[in-house]
Amino acid sequence: MTTRFGAVTVLGSNGSPPHTTPVAAVRLAGRWWFATSRHAAKVTMMRRDPVASITVAAGPGWTTITGDVTVLDPTDPASFARRPAATLAAAPAALHLLTSYARDVAGYLGNVSAIPSAWAPHQRVIVAIEETIVERAADPDSRPVDAVPCIAGFADGRRPVAVPGWFDGDRLGLAATSRPIDAGAGVAVMLDTALLDHDPASPVDQRGVLIRGRVDPGLEHGNTITDVVAESITTWTGFETETRRFGHTAANAA
């Protein structure tokens, strides 16, 4: 698997499953950085519970970094004062993002008039994830012909756990994990064109789906297959999203 993008997993709220979405990210000064809308669901969740995992392609497998989160919001000067070390690195990180994803930035700005106001440039925040826990995982050994690669987001009881795997619409196959999985916290199964080697020319061309739901109660580690019962399904094309819910209320994906 080769991809320029990563997947960020955050903890759900009020008993809802975790939340996993694709991001354009860079590493700088012992942190992983990405920009997003201050109105995004993941930002709301990270403000409430400031810890996250980011999963990025690393050779033939994946690396997941988990740590404390800093959300730097230009409309909230106190957010910069609270984390001076992250603040000092924010400008170089922003420049690194702009240069590393120049094509994507150009595609974003070229379509800015069609982008929802919540995702306009002035609504952007920059997020830093501390590089505290580093885990490496290979893709599952085999995948059914009708399944597609995915990133599955779990929790270990206190922090997010992200695992590469495959999903066929009902069953989720998982790679081995180094931390235990709290099955009761649910799962976020995320599939996106940016993570499937179909690299979009512009963010507005990016397509994906996020399934948040429940797994087998006995699930404790990866390297296994589990059924997934969906509580919500969110699809997106560019910045336009649509969520369908089945019973339990879950946060909107964005």
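Rules used throughout
Residues numbered from 1 in each chain as written. Predicted model: local features only at pLDDT ≥ 70, side-chain atom pairs only at ≥ 80, totals over all residues. Heavy atoms only, no water. Helix = DSSP H or I, 4+ residues; strand = E, 2+ residues; numbered from the N terminus. Rg over C-alpha atoms; globule rule 2.2 N^0.38 Å. Buried < 20%, exposed > 50% of the residue type's maximum accessible area, 1.4 Å probe, protein only. Contact = heavy atoms within 4.5 Å. Areas by Shrake-Rupley, 256 points an atom, 1.4 Å probe, with all protein chains shown as cover. Lys, Arg positive; Asp, Glu negative; His and termini not counted. Charge placed at Lys NZ, Arg CZ, Asp CG, Glu CD. pLDDT = per-residue confidence, 0-100. Phe/Tyr/Trp six-rings, centres within 6.5 Å; stacked < 30°, edge-to-face > 60°. Core = buried A, V, L, I, M, F, W, Y, C linked by side-chain atoms within 4.5 Å. Polar contact = N/O pair within 3.5 Å; in protein donor to acceptor, adjacent residues only side chain to side chain.

(A) Expanded view of the overall build of the protein chain. Secondary structure assignment for the protein chain yields 4 helices and 15 strands. Over its C-alpha trace the protein chain gives a radius of gyration of 17 Å, about what one expects of a compact globule, namely 18 Å for 254 residues. Its C-alpha atoms give the protein chain principal-axis dimensions of about 45 × 40 × 35 Å. Counting every position in the protein chain, which comprises 254 residues, the buried fraction comes to 52%. Partitioning the contacts of the protein chain with sequence separation of at least 6, the portion at a separation of at least 24 is 66%. On the protein chain, roughly 11,000 Å² of surface is accessible, and the fraction owed to carbon and sulfur atoms is 55%. Considering the protein chain, the positive charge centre built from 22 side chains and the negative charge centre built from 25 side chains are found 7 Å apart.

(B) Fine view of the confidence of the model for the protein chain. Summary statistics for the protein chain give a mean pLDDT of 89 and a share of 93% for residues scoring 70 or more. Across the protein chain, the element-wise mean pLDDT spans from 87 in helix H4 (residues 102-110) up to 96 in strand E7 (residues 124-130). Below a pLDDT of 50 lies the segment residues 248-254, which in the model reaches 28 contacts outside its immediate sequence neighbourhood of four places, other chains included.

(C) Highlighting the packing of aromatic side chains. Per the stated rule, a full pass over the model turns up 3 aromatic pairs. Geometrically, the ring pair formed by Trp-119 and Phe-239 is tilted, given 5.3 Å between the ring centres and 40° between the ring planes. Taken together, the residues Trp-119 in the loop between H4 and E7 and Phe-239 in the loop between strand E14 (225-237) and strand E15 (240-245) connect sequence positions 120 residues apart. For the pair Trp-119 and Phe-239, one class covers both residues: buried. Chaining the aromatic ring pairs together yields one cluster made of Tyr-108, Trp-119 and Phe-239.

(D) Geometry of the nonpolar core. Core analysis: the biggest nonpolar cluster contains 24 residues, and Val-8, Phe-34, Met-46 and Ile-54 have the highest contact counts within it. The set of elements that each furnish at least two residues to this core consists of strand E1 (6-10), strand E4 (31-37), helix H1 (41-48), strand E5 (51-58), strand E6 (61-72) and E7. With 4 residues, H1 is the single largest residue contributor to this core. Non-local contacts of Phe-34, meaning those with residues more than four positions away in its chain, are made with Val-8, Val-23, Ala-24, Ala-25, Lys-42, Met-46, Leu-97, Val-125, Ile-126, Val-127 and Ile-129.

(E) Focus on the side chain of Thr-226. Within the secondary structure, Thr-226 sits in strand E14. For Thr-226, a relative accessible area of 1% gives the class buried. A polar atom in the side chain of Thr-226 sits 3.1 Å from the side chain of Asp-216.

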